[in-house]
Amino acid sequence: MHLTGIIIGIISFLSIGMFHPIVIKAEYHFSKSCWPAFLIVGIILLAISVMVEHVVLSSALAVIGMSSWWGILELFEQEKRVQKGWFPANPKKKNNKSFN
């Protein structure tokens, strides 16, 4: 019996769950302008995943790297959700349309 697929599925599930609050906090504190950090993290993790020979570890790194890239899109979407009032805006951020 091979559990590799199930393990990778669990890692994918946890990665998505992990990035949801990360994106919300990142947008709240730094706005969508922090997207290059998500890009760099994704590139680094994907590069490392290519070099790792262990299948599960390589897959985990790739899944987390791709989740980081997906987080870029979610940062921009999160900004729209804040503008709609679905999430709280940070009153300390400059150019915050909710508080002008």
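One can find the structure itself at the top, above this paragraph.
Residues numbered from 1 in each chain as written. Predicted model: local features only at pLDDT ≥ 70, side-chain atom pairs only at ≥ 80, totals over all residues. Heavy atoms only, no water.

## What about the overall build of the protein?
Moving on, step 1. Regarding its fold elements, the protein presents three helices and zero strands.
Moving on, step 2. In terms of overall size, the protein is more extended than a compact globule, its C-alpha atoms giving a radius of gyration of 16 Å where 100 residues would be expected to give roughly 13 Å.
Moving on, step 3. Taking contacts inside the protein between residues at least 6 apart in sequence as the whole, the part at least 24 apart equals 62%.
Moving on, step 4. Counting only carbon and sulfur atoms, one obtains 71% of the accessible surface of the protein, whose full area is about 7,000 Å².
Moving on, step 5. Both charge centroids of the protein, one from 9 positive and one from 5 negative side chains, sit 13 Å from each other. (Helix = DSSP H or I, 4+ residues; strand = E, 2+ residues; numbered from the N terminus. Rg over C-alpha atoms; globule rule 2.2 N^0.38 Å. Contact = heavy atoms within 4.5 Å. Areas by Shrake-Rupley, 256 points an atom, 1.4 Å probe, with all protein chains shown as cover. Lys, Arg positive; Asp, Glu negative; His and termini not counted. Charge placed at Lys NZ, Arg CZ, Asp CG, Glu CD.)

## Quick word on the environment of V82
Moving on, step 1. Looking at the element boundaries, V82 is found in helix α3 (residues 55-83).
Moving on, step 2. Taking C-alpha positions, V82 is 36 Å from G5, a pair spaced 77 residues apart along the chain.

## Details of the nonpolar core
Moving on, step 1. In terms of nonpolar packing, the biggest core is built from seven residues, these being F19, V23, A26, C34, F38, I72 and L75.
Moving on, step 2. For this core, the secondary-structure elements that each account for two or more residues are α1 (4-30) and α3.
Moving on, step 3. When residues of this core are assigned to their parent elements, the largest contribution, three residues, is made by α1.
Moving on, step 4. The residues contacting C34, other than those within four sequence positions of it, are A26 and L75. (Core = buried A, V, L, I, M, F, W, Y, C linked by side-chain atoms within 4.5 Å. Buried < 20%, exposed > 50% of the residue type's maximum accessible area, 1.4 Å probe, protein only.)

## Brief notes about the side chain of S31
Moving on, step 1. Following the sequence through the fold, S31 ends up in the loop between α1 and α2 (35-51).
Moving on, step 2. S31 has contacts with A26 and K93, leaving out every residue within four places of it along the chain.

## Describing unusual backbone geometry
Moving on, step 1. Not every positive phi belongs to a glycine, and S31 is a case in point at roughly 65 degrees.
Moving on, step 2. A relative accessible area of 19% places S31 in the buried class.

## Quick look at the pattern of salt bridges
Moving on, step 1. Tallied over the entire structure, the rule returns three salt bridges.
Moving on, step 2. In this structure, E79 engages K32 in a salt bridge whose closest nitrogen and oxygen atoms are separated by 3.0 Å. In this pair, E79 sits in helix α3 while K32 sits in the loop between α1 and α2, placing the two residues 47 residues apart along the sequence.
Moving on, step 3. Across the pair K80 and E77 runs a salt bridge whose closest N-O atoms are separated by 3.6 Å. Of the two residues, K80 and E77 both sit in helix α3, three residues apart, roughly one turn of that helix.
Moving on, step 4. The class of E77 is partly exposed, set by a relative accessible area of 29%. (Salt bridge = Lys/Arg side-chain N within 4 Å of Asp/Glu carboxyl O.)

## Things to note about the packing of aromatic side chains
Moving on, step 1. Evaluation of the coordinates by the stated rule reveals one aromatic pair.
Moving on, step 2. Here F19 and F38 contribute two aromatic rings whose centre-to-centre distance is 6.3 Å and whose plane-to-plane angle is 55 degrees, an arrangement assigned as tilted. Of this pair, F19 sits in helix α1 while F38 sits in helix α2, and the two are 19 residues apart along the sequence. Both residues of the pair, F19 and F38, count as buried. (Phe/Tyr/Trp six-rings, centres within 6.5 Å; stacked < 30°, edge-to-face > 60°.)

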